[in-house]
Amino acid sequence: MVKEHIMATWKITQVKSKNGATKRQIASLESLGIRRINHFVELEVTPVVKGMVDKVLHLVKVEEIN
């Protein structure tokens, strides 16, 4: 019997403008694949993704998808 490892998935939506954000925060948004306000991406939750989301939490909305 094979066990499947189920990864959690987050839907990350930009809700605030990146104007006034630091270069590091803008780079985190670009690395996540977010391009503009109301644009969203669905990513598996990994330590890397968690770290980038923590840096831009004030600009995005995060929803867990199952």
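The paragraphs below set out a description of the structure included in this document. (Residues numbered from 1 in each chain as written. Predicted model: local features only at pLDDT ≥ 70, side-chain atom pairs only at ≥ 80, totals over all residues. Heavy atoms only, no water.)

**Some words on the packing of aromatic side chains**
And step 1. Counting across every chain of the model gives zero aromatic pairs.
And step 2. The aromatic ring of Phe40 is capped on one face by Lys11, whose charged end is 4.4 Å from the ring centroid. (Phe/Tyr/Trp six-rings, centres within 6.5 Å; stacked < 30°, edge-to-face > 60°. Lys NZ or Arg CZ within 6 Å of the ring centre and 35° of its normal.)

**Observations concerning the nonpolar core**
And step 1. Core analysis: the largest hydrophobic core is formed by 14 residues, its most contacted members being Ile12, Leu32, Ile34 and Val60.
And step 2. Elements with a contribution of two residues or more to this core: strand S1 (9-14), helix H1 (23-32) and helix H2 (47-55).
And step 3. A per-element tally of this core places H2 first, with three residues.
And step 4. With sequence-adjacent residues up to four places away left out, Ile12 is seen in contact with Leu32, Ile34, His39, Phe40, Val41, Leu43, Val49, Val53, Val60 and Lys61. (Core = buried A, V, L, I, M, F, W, Y, C linked by side-chain atoms within 4.5 Å. Buried < 20%, exposed > 50% of the residue type's maximum accessible area, 1.4 Å probe, protein only. Helix = DSSP H or I, 4+ residues; strand = E, 2+ residues; numbered from the N terminus. Contact = heavy atoms within 4.5 Å.)

**Looking at the packing of H1 against H2**
The description of two packed helices rests on the angle between their axes and on the distance between the axes.
And step 1. Contact geometry of H1 with H2 gives a least axis separation of 9 Å together with a crossing angle of 135°. The angle between H1 and H2 places the two elements in the oblique class. The chirality of how H1 crosses H2 is left-handed. Contact residues: H1 offers Arg24, Gln25, Ser28, Ser31 and Leu32, while H2 offers Val49, Met52, Val53 and Lys55.
And step 2. Looking at the contact of H1 with H2 residue by residue, the class counts come to four nonpolar, three polar and two charged. (Axes fitted to C-alpha atoms, helices over the stretch in contact; angles between N-to-C directions. Parallel < 35°, antiparallel > 145°, perpendicular 65-115°, else oblique. Left-handed = near helix turned anticlockwise from the far one by under 90°. Nonpolar A, V, L, I, M, F, W, Y, C, P; charged D, E, K, R; others polar.)

**With respect to H1**
And step 1. Among the residues of H1, Gln25, Ser28, Leu29 and Leu32 are the ones counted as buried. Taken around the axis of H1, the buried residues stretch over an arc of 100°, which confines them to a single face. With respect to the buried face of H1, the exposed residues turned more than 90 degrees away are Lys23, Glu30 and Ser31.
And step 2. In this structure, the buried residues of H1 make contact with S1, strand S2 (40-44), H2 and strand S3 (60-65).
And step 3. Positive backbone phi, at 95°, marks Gly33, one or two positions downstream of H1. (Arc of directions from axis to C-beta.)

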